[in-house]
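# A look at the structure
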Amino acid sequence: PGTLALGAQHLPEQHDEHMALAAKLAETCHRMYTLTPTGLAPEFVKIVGGSMVAGANHNLLRPETIEAFFYLWRFTKDARYREWGWEIFSAFERHCRVPSGGYSGLKNVKLRGSAKDDTMQTFWLAESLKYFLLLFSDDSLLDLNTHVINTEAHPIKILPS
């Protein structure tokens, strides 16, 4: 949804259609999190008969949903994206934070108190936490008119032509 929302900003003739689709996809992403007792999404889901079913129960601390909420917040200022982001951040804090420091993925998002996978993926620090920071920061922290964000969530200044 984030990439779709970003692209919509450059396609005026398809802007509204693409933004509406991005919002619907973001709602689906949010539902992936809210349908589990931990509030964390499974690695992937399947849609079976109109219902969402976990395809794999683990969570690896992935950034894509938070990235989508960041872009949608920036382009719409709809407070639900920050609210959803805070719900997810809080769930990561409750279930994935390690007392000695750091975070770990969960083996089963359907079980409160699930075992952790003893791995903090590099994208947790490089992307997930960065998108949380951007989602909750003032827009002036990163101007999307003067910077792009690469696939590893690194902001890069756009050079003048």
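This write-up is about the structure you can find in this document. (Residues numbered from 1 in each chain as written. Predicted model: local features only at pLDDT ≥ 70, side-chain atom pairs only at ≥ 80, totals over all residues. Heavy atoms only, no water.)

Of the pockets and cavities examined, the largest pocket occupies roughly 280 Å³. Along the wall of the largest pocket there are 14 residues; nearest its centre are Leu6, Phe75, Leu144, Asn145 and His147. Of all the secondary-structure elements, those providing two or more residues to the lining of the largest pocket are helix 3 (64-76) and strand 3 (147-149). Residue composition of the lining of the largest pocket, by class: seven nonpolar, four polar and three charged. In this model, the second largest pocket occupies a volume close to 170 Å³. In terms of lining residues, the second largest pocket is bounded by Cys29, Met32, Tyr33, Ala41, Pro42, Glu43, Asn59, Leu60, Arg62, Glu64 and Thr65. For the lining of the second largest pocket, the secondary structure elements donating two or more residues are helix 2 (15-34) and helix 3. No other element matches the three residues that helix 2 contributes to the lining of the second largest pocket. (1 Å grid on protein atoms, 1.4 Å probe; cavity = no way out; pocket = protein on both sides within 12 Å on 5 of 7 lines; lining within 4 Å. Points joined across faces, edges and corners; volume = space filled by probe spheres on them. Helix = DSSP H or I, 4+ residues; strand = E, 2+ residues; numbered from the N terminus. Nonpolar A, V, L, I, M, F, W, Y, C, P; charged D, E, K, R; others polar.)

With that settled, consider the pairing of strand 1 (residues 44-48). As defined by bridge partners, strand 1 adjoins strand 2 (residues 51-56) across five bridges and the pair is classed as antiparallel. Along strand 2, the bridge assignment pairs Ile47 with Met52. Once strand 1 ends, the chain turns through two residues before running back antiparallel as strand 2, passing Gly49 with a positive phi of about 60°. (Pairing = 2+ DSSP bridges.)

One pass over the full model with this rule turns up six salt bridges. Here Arg74 and Asp139 are joined by a salt bridge, their closest N and O atoms 3.0 Å apart. A residue pair is termed long-range when its members are at least 10 positions apart, and Arg74 in helix 3 and Asp139 in the loop between helix 5 (122-136) and strand 3 qualify at 65 residues. Since its relative accessible area comes to 11%, Arg74 is described here as buried. On the accessibility criterion, Asp139 (28% relative accessible area) is partly exposed. The salt bridge partner of Lys77 is Asp139, with a shortest N-O separation of 2.3 Å. One end of the pair, Lys77, is in the loop between helix 3 and helix 4 (80-96); the other, Asp139, is in the loop between helix 5 and strand 3, and 62 residues separate them in sequence. Of the residues examined, Lys77 reaches a relative accessible area of 38% and is grouped as partly exposed. Through salt bridges with shared partners, a single network forms among Glu27, Asp78 and Arg80. (Salt bridge = Lys/Arg side-chain N within 4 Å of Asp/Glu carboxyl O. Buried < 20%, exposed > 50% of the residue type's maximum accessible area, 1.4 Å probe, protein only.)

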